[in-house]
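What follows is the residue order along each chain.
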Amino acid sequence: MEPNNSSVVLRFHAIGDAPILRRPVFRVSASQKFAAVAAFLRRELGLAPDASLFLYVNQAFAPAPDEIMHNLDRCFADAQDASGTRALRVHYCTTAAWG
Amino acid sequence: MATTDLASPSSAAPAPAALPAALSRTSSAVAVDSVNAPASFPVPAVDDAVIETVFHAAVPLAFHVLDAQGNMTASPPLYVLAPRQSYLHAVFARVPHAVAGLLPRPSTPPGDATGPPASSAADLQRRLVSTSFLCDATGTTLPWHVPIGVLYDQSQHPALRTHDDASWWSPTDGIPPWRIRVARTTDAPTATAAFPFTGLAQLESLYMHAVKEAEYMAFGSTRKVMALSKSLSEQLWRGVMDNNLSQVEAVTKDLFHNEPVARAWPVRVHIRDLAGTVATFQPLLTPTSAPEIGHVVATAGVEESDTSVLLVQGIALTCDTPMAWVHRHLVGCDGWVHVVVIKQGGADDAKTEVRTTTD
C-alpha cells in the first residue's frame, strides 16, 4: 500500500490487559486530529467515557490531542511488514506505560 | 482493512516547494544578523548571551474577565509580563494572590463571574480548570498547551496591528499588551476549543510528551528523556514554570545539544494565512537536506511571494539562517523550534478584523 495525502493507516497494539481489537489496522483521514483517533478507539473497545485510555506512538510518546494525523504519519510512520505497508504504530493501554 | 471516516475532510498538506530567496526583514521586529551566525554544520558556535536573552524574553498580556454574557466585568484588567516559554494557565498559577479574585467560578450565576478570592490551592486549581482564555480579536479559544510566545507571534506580531487598532490603549504608552479574555470554560466557544484543560498535572504531562516527541524526531528514540530521573524531570518542569534558565538548560543541554541532530529537525511551522487561520506543518527534514531555515519553510509550501514575516521566538529571520544555529539558540523549552510564518497580506486582514470587533 502506498502512502497518500488523504488517509493514514494506523496499526493498533494492545499493551498489558487492554482489550485486543479484532482488526488492528484502520485507515483514517489525514486531516483528522489525534483526539479523534482516541475517541474512535474508545468506541471500538467499548470503554466507558470515564475509563482511562493511554495512546502512544512508536512506544515512545503521546501526541497532543490536536496534532494532525498527516503530520504524525509523515514524521513517525514506517513500513512494518513484507508487503511494505506504511503505517503509524499506536500502542494503547489502560494504565500509563511510557511516562 | 477497515476504512473509518472519523470526521469531515479538510485541506491536505501543502506540497513541497522550491527554496525561496531570502525574505525581507521587517523594521518592526528584532532581526538576527545571519552573517554572524555560523554557516557550518553540524556544530554551531554557542552564544550564551543569545540563549539567555531568548529564554528570558517576555510578552505583555492584559487579562480581562468576562461575565456569563460575554461582556467585560468592572474588574480592572490584570497586566502580566509573561515569559514566552510559559503557558497561560501556568502564568495564572504563578500569581495566585493576583488572580484568585479574577478567576471565574464554575457555579456562579450569570452576571457574577468572579466571586470572592480563592481560599486554598485546591480552590485555585478548581477555578483554573474551569477557566478558558480567548483571543480578544477573534473570540476563539486559545490552545492552552502551546507556549505563550508562539501564540503571541501568531496574532500579535507588530506587522499585524497598528497602535490605533487598540482604542482602549493610549498610543503614547507604547505597544499595547495582548488583550486576552478570561471566561468560564462553559461559556467559551466549544467549536474552537481543541480539548479541555483539566489541571496543571495534565499540562506537565503534555509538556513532557512534547519533549519526548521532539527527541524522537531528532534522534529516533526517547532514550535520554526516559532515562531522566524523577528529580531531573521535575526540575525541568519547575524551570519552565519559574522561567529559570539554569534549571532548564542543565537538562535540555544533555537531551538536545550534546550530539548533532541525527534524524530530523524538531521543527513545527505555524503558517498564518490571509484569513488569519493558523495551520501547523511538521516536516521531516534531515540536517543535510535542510541546512537553512529557508528549506524548512519551503517544504511547508511557503513561497517568498506570499510570505511577509518569518519568526522564531519573536525574532524575524532570513531564509539563509543556518538551522543548526537556530536549533541551538532558538529552540523552545519543549525541544521544538516553532517557526511562525505570517503570509503577506495578513497585516491588512488582521487590521480589518480588529476594527470590526472594536466598532
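If you look chain B up in an unreviewed UniProt entry, it shows as Autophagy protein 5 from Allomyces macrogynus. Per its UniProt entry, chain B bears the Sequence similarities (unreviewed entry) comment "Belongs to the ATG5 family." The heading Subunit (unreviewed entry) in the UniProt record of chain B holds the text "Conjugated with ATG12."

Within an unreviewed UniProt entry, the label attached to chain A reads Ubiquitin-like protein ATG12, and the organism entered is Allomyces macrogynus. Listed under Sequence similarities (unreviewed entry) in UniProt, the entry text for chain A is "Belongs to the ATG12 family."

Colleague: Sorry if this is basic, but what is going on with the nonpolar core here?
Modeller: A general trend in soluble globular proteins is that nonpolar side chains are found buried together. Within the largest apolar cluster, 89 residues are counted, with the highest numbers of intra-cluster contacts made by Phe-12 of chain A together with Phe-63 of chain B. In terms of residue count, helix α6 (residues 200-219) of chain B provides more of this core than any other element does, 10 residues in total. Apart from the residues lying within four places of it in its own chain, the contact partners of Phe-12 of chain A are Leu-21, Pro-24, Phe-26, Val-37, Phe-40, Leu-41, Val-90 and Tyr-92 of chain A. Membership of the second largest hydrophobic core comes to 30 residues, among which are Val-261, Ala-324, Trp-325 and Val-339 of chain B.

Colleague: Just to check I follow, could you spell out the pairing of strand β5 (residues 178-184) of chain B for this structure?
Modeller: Looking along a regular strand, one sees side chains alternate from face to face of the sheet. Residue and element names in this part refer to chain B. The element β5 is largely enclosed, with a buried count of six among its seven residues. Pairing between strand β2 (residues 58-65) and β5: five bridges, direction parallel. Across the sheet, residue Ala-62 finds its bridge partner in β5, namely Arg-179. Pairing of strand β4 (residues 131-135) with β5 involves five bridges; the strand directions are antiparallel.

Colleague: Teacher, can you tell me more about the sheet that holds strand β3 (residues 78-83) of chain B here?
Modeller: Strand pairing in a sheet takes place through backbone hydrogen bonds and is either antiparallel or parallel in direction. All names here are of chain B. In space, the four strands of this open sheet follow the order β3-β2-β5-β4, with mixed pairing throughout. Single-partner strands in this sheet number two, and they are β3 and β4. Neighbour-to-neighbour, the strand axes of this sheet turn through a mean angle of 35°, independent of strand direction.

Colleague: It is not clear to me how the confidence of the model for chain B should be interpreted in this structure. Could you clarify?
Modeller: Caution applies to low-pLDDT parts of the model: their predicted coordinates are not meant to be read in detail. Residues and elements named next belong to chain B. Summary statistics for chain B give a mean pLDDT of 77 and a share of 69% for residues scoring 70 or more. Contacts from residues 1-41, a stretch scored under 50 in pLDDT, to residues over four places away or in other chains number 98 contacts. In this model, residues 346-359 is a region of pLDDT below 50 whose contacts with residues beyond four sequence positions or in other chains number 24 contacts.

Colleague: Looking at this structure, how should I read the packing of aromatic side chains?
Modeller: Taken as a whole and assessed by the stated rule, the structure comprises 13 aromatic pairs over all chains. Taking the centre distance of 5.6 Å and the plane angle of 65° together, the rings of Phe-76 of chain A and Tyr-216 of chain B count as edge-to-face. Remark: Tyr-216 of chain B occurs in helix α6 and Phe-76 of chain A occurs in helix α2 (residues 69-76); the pair is interchain, linking two chains. For the pair formed by Phe-76 of chain A and Tyr-216 of chain B, the shared burial category is buried. Above the face of the Phe-219 of chain B ring, Lys-224 of chain B is positioned so that its terminal group lies 5.5 Å from the ring centre. A cation over an aromatic ring shows up here: Arg-268 of chain B above the ring of Trp-336 of chain B, its NZ or CZ 3.9 Å from the ring centre.

Colleague: What exactly am I supposed to notice about the confidence of the model for chain A here?
Modeller: Mean pLDDT over chain A stands at 89; residues scoring 70 or higher make up 91%. Per-element confidence in chain A is highest for α2 of chain A, whose mean pLDDT is 97, and lowest for strand β4 (residues 78-79) of chain A, whose mean pLDDT is 83.

Colleague: Please clarify how α2 of chain A should be interpreted in this entry.
Modeller: Side chains of residues three or four places apart in an α-helix project in the same direction, reflecting 3.6 residues per turn. Where burial is concerned, most of α2 of chain A is hidden: eight out of the eight residues are buried. Turning to α2 of chain A, its buried residues number three or more, namely Met-69, His-70, Asn-71, Leu-72, Asp-73, Arg-74, Cys-75 and Phe-76 of chain A.

Colleague: Explain the UniProt feature "domain: Autophagy protein ATG5 alpha-helical bundle region" (unreviewed entry) in chain B here, please?
Modeller: Taking the UniProt record as the reference, the feature "domain: Autophagy protein ATG5 alpha-helical bundle region" (unreviewed entry) is found at residues 202-256 of chain B. Spanning residues 202-256 of chain B, this segment combines 85% helix with 0% strand, and its end C-alpha atoms are found 24 Å apart.

Colleague: Looking at this structure, I do not really get helix α8 (residues 230-242) of chain B. What am I missing?
Modeller: All names here are of chain B. With 13 residues, α8 extends 18 Å between its outermost C-alpha atoms, agreeing within 8% with the 18 Å of an ideal straight helix rising 1.5 Å per residue. By the burial criterion, the buried members of α8 are Ser-233, Gln-235, Leu-236, Trp-237, Gly-239, Val-240 and Met-241. A positive backbone phi angle near 55° is found at Asn-243, which sits one or two residues after α8.

Colleague: For this particular structure, what's the right way to read the side chain of Ser-233 of chain B?
Modeller: Residues and elements named next belong to chain B. Within the secondary structure, Ser-233 sits in helix α8. According to the relative accessible area criterion, Ser-233 is buried, its value standing at 18%. The residues touching Ser-233, leaving out its near neighbours within four places in the chain, are Met-208 and Leu-228.

Colleague: Would you mind showing me how to read the packing of helix α1 (residues 48-55) of chain B against helix α11 (residues 323-330) of chain B here?
Modeller: Relative orientation and spacing of two packed helices are given, respectively, by the angle between their axes and the distance between those axes. All names here are of chain B. The contact between α1 and α11 brings their axes to 9 Å, and the two run at 55°. As summarised for this structure, α1 and α11 are arranged oblique, according to the angle between their axes. Contacts from Val-50, Ile-51 and Val-54 in α1 reach Trp-325, Arg-328, His-329 and Leu-330 in α11. The residue inventory of the contact of α1 with α11, partitioned by class, reads five nonpolar, one polar and one charged.

Colleague: Quick question: what am I supposed to make of the environment of Arg-86 of chain A here?
Modeller: Residues and elements named next belong to chain A. Secondary-structure assignment places Arg-86 in strand β5 (residues 86-93). Along the primary structure Arg-86 and Arg-42 are separated by 44 residues, whereas in three dimensions their C-alpha atoms are 23 Å apart. One polar contact links the side chain of Arg-86 to the main-chain carbonyl oxygen of Asp-73, over a distance of 2.6 Å.

Colleague: I'm lost on the side chain of Glu-213 of chain B in this one. Help?
Modeller: Relative to the helices and strands, Glu-213 of chain B resides in helix α6. Leave out the neighbours within four places in its chain, and Glu-213 of chain B touches Phe-61, Pro-63, Glu-67, Leu-72 and Phe-76 of chain A together with Arg-268, Gln-282 and Trp-336 of chain B.

Colleague: Looking at this model, I keep getting lost on the environment of His-56 of chain B. Mind explaining?
Modeller: Residue and element names in this part refer to chain B. Position of His-56 among the secondary structure elements: in the loop between α1 and β2. Here His-56 falls in the partly exposed class, since its relative accessible area comes to 39%. Setting aside residues up to four positions removed in sequence, His-56 forms contacts with Asn-243 and Leu-245.

Conventions and cut-offs
Residues numbered from 1 in each chain as written. Chains lettered and ligands numbered in written order. Predicted model: local features only at pLDDT ≥ 70, side-chain atom pairs only at ≥ 80, totals over all residues. Heavy atoms only, no water. UniProt positions renumbered as here; feature names shortened; annotations may be inferred. Core = buried A, V, L, I, M, F, W, Y, C linked by side-chain atoms within 4.5 Å. Buried < 20%, exposed > 50% of the residue type's maximum accessible area, 1.4 Å probe, protein only. Helix = DSSP H or I, 4+ residues; strand = E, 2+ residues; numbered from the N terminus. Contact = heavy atoms within 4.5 Å. Pairing = 2+ DSSP bridges. Axes fitted to C-alpha atoms, helices over the stretch in contact; angles between N-to-C directions. pLDDT = per-residue confidence, 0-100. Phe/Tyr/Trp six-rings, centres within 6.5 Å; stacked < 30°, edge-to-face > 60°. Lys NZ or Arg CZ within 6 Å of the ring centre and 35° of its normal. Expected span 1.5 Å × (residues − 1). Parallel < 35°, antiparallel > 145°, perpendicular 65-115°, else oblique. Nonpolar A, V, L, I, M, F, W, Y, C, P; charged D, E, K, R; others polar. Polar contact = N/O pair within 3.5 Å; in protein donor to acceptor, adjacent residues only side chain to side chain.

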